[in-house]
Amino acid sequence: MTATHHTVEELGAPMPSPELRATADRIVGNIEQVIEGKTAIVRLALAVLLAEGHLLIEDVPGVGKTKLAKALARSIDCSVRRVQFTPDLLPSDVTGVSVFNQETRDFEFKPGAVFANLVVGDEINRASPKTQSALLECMEERQVTVDGTTYQLQTPFMVIATQNPIEMEGTYPLPEAQRDRFTARIAMGYPNARAELAMLDLHGASDPLAALRPVSDADTIRRLIATVRRVHVAEPLKQYAVDIVGTTREAPDLRLGASPRAALQLLRTARAVAALDGREYVTPDDLQALVVPVLAHRVIPTPEAQLARRTTDAIIADLVHRIPVPGDRHGDRHTHWRG
Amino acid sequence: MSQRRGVALVAAAATFLATSVLSTIFQLYSWVLYSFLAIAVVVVVAILARTVRIPVWGQVLAMLGGLLLLVTWTFPSGHELLGFLPTGHTFRHFHSLLTAAGQDIQTLSVPVPERVSLDFLTTVGVGLVAVAVDVLAVGMRHPALAGLPLLALYSVPVAVQNGSVSWLPFVLGAAGYLWLLMTDHIEQVRRWGRRFTGDGRDIDTWEPSPLAAAGRRVGFAALVLAVVVPLAVPGFSSNLLSRIAGYNNGTTTGTGTGTQLGTSINPISTLRGNLTQGQPINLFTVETDDPDPGYLRTAVADQITDNGFQPSPPPHPQPLTAGLDAPTTGVSVSLKYDRYTASVKAQRLNDRYLPLFAGPTQVRAPGGTDWRYEPSTGVVYTDHPATAGANWSVGYDSFRYQPAQLRQAPELQPGDPIVRDNTEVRHIAQISDQVDALTAGKATEYDRVRAILDFFSPKNHFKYSLQTKAGTSGSAIVDFLKGRQGYCEQYASAMAWMTREAGIPARVVVGYTHGTRLGNSATWQVTSHEAHAWVEVWFPAFGWVPFDPTPSTEITGAAVFGWAPNPSTPDTSSGPADNGKDKPGRSAGKSADQGQHGGPGLARSAAAHKTRTTTWQYWVLGVLVLLVLLAVPAGRRGLLRRRRDRTEVRAVTGLTVDPAGGPPDVTVDGGDTARSAAARSAAHAAWDELVDSLVDFRYEVIGSETPRGTAERLIRTPGLTGDAADSVRRLAEAEERARYAPTPADPTGLRAASRDVRTGLSAGVPRHRRIAAVLLPRSVLRRWRGAVADSATGLTGRLGAARDRAYRTVVPRRLFGPRTDRSA
């Protein structure tokens, strides 16, 4: 919630809707030079950035998790750090460390990997829980405290972590608390046949990532964030978000439902999606589209549901179909004679 | 599994309980044995068939086979193999039994005596019902449907008997049916596992579940209501709404009683008595080309006694075969008449008199006995009851007497034998004074008779009753004239007596009214309740003219004589008389003094015409009302659409009034300006219209779908294209902005878009659904249904809350003070 530390003035003037859309389309188009046929996922990644959230990309190896993270980072002209998580990675490698400077005869802070606009954490589940939890404070509070001194992180700040769900040997699965800090989890999915073919041609000759030029910068992103914050959310939609989150807590298939933070991040991401769509208001469609990526990784299914091989994605998607859309005028009208 | 043996046995028992209703149509109890045998054979065969796992159709065949063997054994023709295997003889025998049963049903009255043919019919019928019940309840596992064959069984006596059926068989049958339902349900629950109470205790197989107590209570209450409510409602039970009977069952020389096969009428007319009226018994039907038949005469009581009149021995009997005297002999040529033919079919009538219309010209009497004819009375009779099951026909002249003509009748000649024989009377001073007072100043015979007839009017406190008042005068006629209540016999006897007292020849005629017309046919049904007595008065040159002093409001099929309006009709001199009970064709009587030009014949046709007109008008009116009712939902739908269109117009004009864009600074709720609120409601209205159209055309309406989602779905599945697709997107966006955006969309053109979408939607459904959407829009119907359900729920909720409040206020414990255990 440190996002509120930055006032609108600090972030810059909000951007008019068409300009925002053009900028967003530019970034998406740029990334799509590298990642073929994954527009929805690319847009979602951008939306998470604009919603001041963090992204967890989870999929089997080789589908372009890291490439997406790097492409996003490269498209924006801002500081980017990449951390390869390994079992021997230390917390100080992430946050930074104070070292004694012989010349000044004083401790000097050497910033860690998180001191950047975009932090790409590769294979995050391979690091020890100690190191993983070092990320906690950074991600949520956007600050780092080392030796009693607190250092503010920059804005925008986004952690893009990837993890591989298949190869679980020698890994430390992310604890619940840490998973909850990721705004959205997305699965890349295999590309379709055409995209895969195009990819073979494109990547066969050279590395397109190297040729990627930034199309935006940190200032622009800050202005985009300011714009997203001003997107209108009608009262019934706030209730709708609360309803959705509340339903996950009562669902018989779920052992653990979504947290209040989930509702907050759901709405925030919905604002970003609406803005990317060129709208100045959120619709329930935005929320419905985000429910699975934003909520599914935060809930824990019951053993029965696991036995029945019901994934959390499916359970959450089902739940949404049971909640009437706010302001819906089909359901409640029949109680009046006059209609 | 036990192949549902328990249910099969209970189904058999329920069928057997339902047969108890047969007790109302049989005199004896042989049907119990046959019913039991039939049901037992069917259920045993069914259980055996299920034990060897025969499919349902095989079970039916097996049961029918078992039933066939049973009837072969119990109703043998004597040519069976081994006594129970049917042969061709057997089936011919069955055929003859069925034919005989058909005849018995025609001729016998309820309750019927024991007959082999009827027992056969009972066995087969009950057996078939048992088969149907077993197949439905056990084979097809729909015990609720088994109520239909049971109901069919129950409806047999209801159809046969004219009156109501006793409540006891109904209760037995209904209880059996409920038992069957309960057993089946318990069995179904047990298939799921153990039954247990709410607090977890197990329940034995035979034990009723406490959880189902409410169901049992509902069943019991329904049964009690079904029995008690009809008793309280008059008209459901003939006991509470007794009607007239001319049928004499109690007083003097006993003739037919309701329980015997044949029924006849007592030709003795008494001045005192009481009429015990049983169920009406169908005596005979009359088919006649006379549109407005009069009364059927059987006997003439012309000999006066202290108590009334009785038939005198026929002075000049002659064989019927010798022919009849023409009714027109000695009658003034100016008297108009119509010639009709009637054929009578006896049902339960068995009498020694033939019921015939007045003025018979030709009688084709049933054979088997020598019928005789008495010219002075016009009665055809024999010496023993001989009309059972017989048919006869009569040609007759129906005279149209008119008051003006009757007034001009010649003076009575004292020497005339008719006058001499029919004016004999016992003089009683009070009666003489009364008659003198009535006839004083009346110039003609007709006016004197009318004076006496009109005396029996409700204005003089005469009323119809099945019982006369007891008197102390020692004279029956004086008692009646004092008590002034009685039935037709008293009225007819008293009038004949008083007419004779005035020196005018009169006699009492006993017979029947024409009864009730069957549908619109030319056939009339006469029952024992239509027996009647009336008066004939002799007019020289006119013959015997009928008069009916009994209040016609109480008589089914009372004739209205144009020359002698019934004294009970409210106003005898103006317009058509209304005597309530009659068919419309007869209710329009003819006033006495109108006879100058028209006469009854004319009046009849006018009345009939009028009736047809009114019936026609009622039909048209009914159809119109029906059409209007059917059109209500469609009208409601059109009204809604128009109102929604107006919403858009309002929003759009609100915009154009203020083109500069300076919104009127009126903020409605939510901080909206009036202008954007109008635009929002226009979008909502257009969207509502779309949703209603979806419901009308039976497209799915999904509550968790967003407007945008609905639009995309409609473009996908009914395949909206072109303008319709653009329009539905337009509507969705407008609705979306109206709901969620700070500023609503421009409302212009929403109405056109709405129309486009509706056209597109209607193109995607079959024609019959399109028609249904226009004629009976589901959106309206569903909303009404929902509103009804909600109102009902709300009402029950409020009632429950009120009850709870009442309980809180009036706590029984508080009334009786603190409980002992608490104070201890």
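This is a predicted model, so every value here is computed, not measured.

Caption draft 1: The overall build of chain A, seen in detail. When its secondary structure is counted, chain A shows 15 helices and 13 strands. Classification of the 339 residues of chain A by burial places 51% in the buried group. For chain A, the share of sequence-separated contacts (at least 6 apart) that also reach a separation of at least 24 residues comes to 80%. If you sum the accessible surface of chain A, you get close to 15,400 Å²; carbon and sulfur atoms cover 53% of it.

Caption draft 2: How the structure looks around the overall build of chain B. Helix and strand counts for chain B come out as 24 helices and 19 strands. Put simply, chain B has 824 residues, and 46% of those count as buried. Sequence separation of 24 or more characterises 70% of the internal contacts of chain B that already satisfy a separation of 6 or more. Working note: accessible area of chain B is about 40,100 Å², and carbon and sulfur atoms make up 61% of it.

Caption draft 3: Representation of the pairing of strand E8 (residues 149–152) of chain A in the model. Sheet topology places strand E7 (residues 143–146) of chain A next to E8(A); 4 bridges connect them, and they run antiparallel. For A:Thr145, the partnering residue across the bridge sits in E8(A) and is A:Thr150.

Caption draft 4: Spatial organisation of the environment of B:Gly760. Locating B:Gly760 in the fold gives a position in helix H20 (residues 750–763). If near-sequence neighbours (up to four positions away) are discounted, B:Gly760 is found in contact with B:Leu720 and B:Ala724.

Caption draft 5: Structural detail: the sheet that holds strand E19 (residues 543–547) of chain B. Residues and elements named next belong to chain B. Spatially, 5 strands are ordered E8-E3-E15-E18-E19 in an open sheet, and the strand pairing comes out antiparallel. Edge positions in the open sheet fall to strand E8 (356–357) and E19, since each of these has one partner strand only. Bridge count for strand E3 (residues 296–301) against strand E15 (residues 506–512) is 5 bridges, and the pairing is antiparallel. Looking at E15, one finds that Ala301 is bridged to Val508. Of the strands in this sheet, strand E18 (531–539) and E19 are in contact with helix H12 (residues 445–455), which crosses E18 at around 155°. Relative to the sheet, helix H14 (residues 488–501) contacts E15, E18 and E19, its axis offset from that of E18 by approximately 15°.

Caption draft 6: Geometry of the side chain of A:Thr183. With respect to the secondary-structure elements, A:Thr183 resides in the loop between helix H7 (176–181) and strand E10 (184–186). Contacts of A:Thr183, omitting those with residues within four sequence positions, involve A:Val48, A:Gly53, A:His54, A:Gln265, A:Thr269, A:Pro293, A:Val294, A:His297 and A:Arg298.

Caption draft 7: Main features of the UniProt feature "transmembrane region" (unreviewed entry) in chain B. Residue and element names in this part refer to chain B. According to UniProt, the "transmembrane region" (unreviewed entry) feature falls on residues 33–49, 56–75, 120–137, 218–236 and 616–634. With 100% helix and 0% strand, the stretch residues 33–49 has end C-alpha atoms that lie 24 Å from each other. The span residues 616–634 is 100% helix and 0% strand, and its two end C-alpha atoms sit 27 Å from each other.

Caption draft 8: Quick look at the packing of aromatic side chains. Per the counting criterion, the structure on display carries 28 aromatic pairs over all chains. Taking 6.3 Å as the distance between ring centres and 35° as the angle between the ring planes, the aromatic pair formed by B:Phe539 and B:Phe547 counts as tilted. For B:Phe539, a relative accessible area of 0% corresponds to the buried category. Residue classification places B:Phe547 among the buried residues on the basis of a relative accessible area of 0%. Over the ring of A:Tyr281 we find A:Arg279; its NZ or CZ atom is 5.8 Å from the centre of that ring. One Lys or Arg, B:Arg507, reaches over the ring of B:Trp544 and ends 3.8 Å from the middle of that ring.

Caption draft 9: Examining the interface of chain A and chain B more closely. Of the residues lining the interface, 29 residues belong to chain A; the matching set on chain B comes to 32 residues. On the surface where chain A and chain B come into contact, there are 2 salt bridges. When the shortest N-O distance is used, the salt bridge between B:Arg708 and A:Asp277 registers 3.9 Å. The interface formed by chain A and chain B includes 8 residue pairs in polar contact (both at pLDDT 80 or more).

Caption draft 10: A look at a positive patch on the surface. Taken together, B:Arg642, B:Arg643, B:Arg646 and B:Arg650 make up a surface patch of like positive charges. Checked against the element boundaries, B:Arg643 lands in helix H16 (residues 600–657).

Caption draft 11: View of unusual backbone geometry. All names here are of chain A. Residue Pro156 is bonded to the preceding Thr155 through a cis peptide linkage, with omega at -5°. Looking at the element boundaries, Pro156 is found in the loop between E8 and strand E9 (158–163). The phi dihedral of Glu52 is positive, around 60°, even though this residue is not glycine. According to the relative accessible area criterion, Glu52 is buried, its value standing at 9%. In this structure, Glu123 takes a positive phi of about 50° despite not being glycine. Along the chain, Glu123 falls in the loop between strand E6 (118–122) and helix H6 (129–141).

Caption draft 12: Structural view of the confidence of the model for chain B. Per-residue confidence for chain B gives a mean pLDDT of 78, with 81% of residues at or over 70. Under a pLDDT of 50 for its full length, residues 571–608 of chain B has, in the predicted model, 69 contacts with residues more than four places off or in other chains.

Caption draft 13: Fine view of the sheet that holds E10(A). Residues and elements named next belong to chain A. Pairing is parallel across the open sheet formed by 5 strands, whose spatial order is E3-E6-E9-E1-E10. Two strands in the sheet have a free side with no partner beyond their single neighbour: strand E3 (80–84) and E10. Along the sheet, successive strands turn relative to each other by an average axial angle of 15°, direction set aside. In the sheet, E3 pairs with E6 via 5 bridges, with the strands oriented parallel.

Caption draft 14: Inspection of the environment of A:Gln132 at higher detail. Checked against the element boundaries, A:Gln132 lands in helix H6. Here A:Gln132 falls in the buried class, since its relative accessible area comes to 0%.

Caption draft 15: Looking closely at the nonpolar core. Among the nonpolar cores identified, the biggest contains 83 residues, and A:Leu55, A:Leu68 and A:Leu72 are the most heavily contacted of them. For A:Leu55, the contacting residues outside a window of four places in its chain are A:Ala45, A:Val48, A:Met158, A:Val159, A:Ile160, A:Ala161, A:Phe182, A:Ala184 and A:Ile186.

Caption draft 16: Up close: the pattern of salt bridges. Residues and elements named next belong to chain B. By the definition in use, this model includes 37 salt bridges over all chains. Among the ionic pairs, Arg644 bridges to Glu689, the shortest N-O distance being 3.0 Å. Remark: Glu689 occurs in helix H17 (residues 674–696) and Arg644 occurs in helix H16; sequence separation between them is 45 residues. Grouping residues by exposure puts Arg644 and Glu689 together as buried.

Caption draft 17: A look at helix H3 (residues 56–74) of chain B. Taking 1.5 Å as the rise per residue, H3(B) with 19 residues should run 27 Å; its terminal C-alpha atoms sit 27 Å apart, in good agreement. Considered for burial, the residues of H3(B) that qualify are B:Gly58, B:Gln59, B:Met63, B:Gly66, B:Leu67, B:Leu70, B:Val71, B:Thr72 and B:Thr74.

About the thresholds
- Residues numbered from 1 in each chain as written.
- Chains lettered and ligands numbered in written order.
- Predicted model: local features only at pLDDT ≥ 70, side-chain atom pairs only at ≥ 80, totals over all residues.
- Heavy atoms only, no water.
- Helix = DSSP H or I, 4+ residues; strand = E, 2+ residues; numbered from the N terminus.
- Buried < 20%, exposed > 50% of the residue type's maximum accessible area, 1.4 Å probe, protein only.
- Contact = heavy atoms within 4.5 Å.
- Areas by Shrake-Rupley, 256 points an atom, 1.4 Å probe, with all protein chains shown as cover.
- Pairing = 2+ DSSP bridges.
- Axes fitted to C-alpha atoms, helices over the stretch in contact; angles between N-to-C directions.
- UniProt positions renumbered as here; feature names shortened; annotations may be inferred.
- Phe/Tyr/Trp six-rings, centres within 6.5 Å; stacked < 30°, edge-to-face > 60°.
- Lys NZ or Arg CZ within 6 Å of the ring centre and 35° of its normal.
- Salt bridge = Lys/Arg side-chain N within 4 Å of Asp/Glu carboxyl O.
- Polar contact = N/O pair within 3.5 Å; in protein donor to acceptor, adjacent residues only side chain to side chain.
- Patch = residues over 30% accessible without salt bridge, like charges linked within 9 Å, V, L, I, M, F, W, Y side chains within 5 Å.
- Lys, Arg positive; Asp, Glu negative; His and termini not counted.
- Charge placed at Lys NZ, Arg CZ, Asp CG, Glu CD.
- pLDDT = per-residue confidence, 0-100.
- Core = buried A, V, L, I, M, F, W, Y, C linked by side-chain atoms within 4.5 Å.
- Expected span 1.5 Å × (residues − 1).

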